[in-house]
Amino acid sequence: MAQSLNTKADFSTEGIAYLGFAEYGKILIGDVAFEFYNDRNVEKNMTFPWSSILRVEGDVTKTLKGQVKVGRQFSIVLQNGSKVRFSSKESGTVLRWMRDYLGNEKVVKSPSFLGTFKNAFKRKKKK
């Protein structure tokens, strides 16, 4: 049986983890960690304590009318540099709950397509 690190669950929703292929399951946000439990096999869970998360990148876009929209996908970047991508219908609420535990400086907007190229060229110029 899978054991949770959390002593209390603050928020739970359905979500998708992208690990080469999509795995459907439940996202659980608690006082100690962010957890993902697979629907088919509960033993195949992922637990990320808040101390092991470097930052969370959310998919945020601006519409032509100037409105800010939060997309469904977000990524968790761990201390070792690896990135795990998730998706949820309630990603805005997930990001808000994560901001409560991580702080505003660790929940950031993911780089845009063009921003990724700009950063790559800036790194080459510095070398």
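Residues numbered from 1 in each chain as written. Predicted model: local features only at pLDDT ≥ 70, side-chain atom pairs only at ≥ 80, totals over all residues. Heavy atoms only, no water.

> Please clarify how the sheet that holds strand 7 (residues 83-87) should be interpreted in this entry.
In spatial order, the strands read 4-3-2-1-7-6-5-8; together these eight strands make up an open sheet with mixed pairing. The open sheet has two edge strands with one neighbour each: strand 4 (45-49) and strand 8 (107-109). The sheet shows a mean angle of 30° between the axes of neighbouring strands, taken without regard to direction. Pairing of strand 5 (residues 53-62) with strand 8 involves three bridges; the strand directions are parallel. When the bridges of strand 8 are listed, V56 appears paired with V107. Against the sheet, helix 1 (residues 91-102) contacts strand 1 (9-18), strand 2 (22-30), strand 3 (33-38), strand 5, strand 6 (68-78) and strand 8, and its axis sits at roughly 50° relative to strand 6. (Pairing = 2+ DSSP bridges. Helix = DSSP H or I, 4+ residues; strand = E, 2+ residues; numbered from the N terminus. Axes fitted to C-alpha atoms, helices over the stretch in contact; angles between N-to-C directions. Contact = heavy atoms within 4.5 Å.)

> Explain the side chain of E57 here, please?
Mapped onto the secondary structure, E57 falls in strand 5. By relative accessible area, which is 7% here, E57 ends up buried. With sequence-adjacent residues up to four places away left out, E57 is seen in contact with F74, S75, V77, K83, V108, S110 and P111. (Buried < 20%, exposed > 50% of the residue type's maximum accessible area, 1.4 Å probe, protein only.)

> Would you take a moment to explain the nonpolar core for this structure?
Soluble globular proteins: nonpolar side chains tend toward being buried together. Core analysis: the biggest nonpolar cluster contains 21 residues, and F34, F48, F74, I76, F86 and M98 have the highest contact counts within it. Among the elements of the structure, strand 1, strand 2, strand 3, strand 4, strand 5, strand 6, strand 7 and helix 1 are those that each provide at least two residues to this core. Counting residues per element, this core draws most heavily on helix 1, at four residues. Leaving out residues up to four positions away in the same chain, F48 has contacts with A33, F34, I53, I76, L78, V84 and F86. (Core = buried A, V, L, I, M, F, W, Y, C linked by side-chain atoms within 4.5 Å.)

> Looking at this structure, how should I read the pattern of salt bridges?
Pairs can form between side chains of opposite charge once their charged atoms are near each other. Scanning the entire structure with this criterion turns up six salt bridges. Bridged by salt links that share partners, the residues E14, K26 and D39 form one connected network. (Salt bridge = Lys/Arg side-chain N within 4 Å of Asp/Glu carboxyl O.)

> Please explain the environment of V42 as it appears in this structure.
Note on placement: V42 falls in the loop between strand 3 and strand 4. Its relative accessible area of 43% is what places V42 among the partly exposed residues. Taking C-alpha positions, V42 is 27 Å from G71, a pair spaced 29 residues apart along the chain.

> Looking at this model, I keep getting lost on the packing of aromatic side chains. Mind explaining?
Two numbers describe a pair of aromatic rings. These are the distance of the centres and the angle of the planes. Tallying each qualifying case throughout the model produces seven aromatic pairs. On the basis of an interplanar angle of 10° and a centroid distance of 5.1 Å, the ring pair of W50 and Y101 is categorised as stacked. Here Y101 lies in helix 1 and W50 lies in the loop between strand 4 and strand 5, a separation of 51 residues in the sequence. W50 gets classed as buried once you look at its relative accessible area, which sits at 10%. One cation-aromatic arrangement involves R85 over Y18; the distance from NZ or CZ to the ring centre is 4.5 Å. (Phe/Tyr/Trp six-rings, centres within 6.5 Å; stacked < 30°, edge-to-face > 60°. Lys NZ or Arg CZ within 6 Å of the ring centre and 35° of its normal.)

> Hey, could you run me through a nonpolar patch on the surface in this one?
A cluster of nonpolar side chains, namely F113, L114, F117 and F121, defines an oily patch on the protein surface of about 500 Å² accessible area. As for its position among the elements, F113 is in helix 2 (residues 113-126). For F113, a relative accessible area of 64% corresponds to the exposed category. (Patch = residues over 30% accessible without salt bridge, like charges linked within 9 Å, V, L, I, M, F, W, Y side chains within 5 Å. Areas by Shrake-Rupley, 256 points an atom, 1.4 Å probe, with all protein chains shown as cover.)

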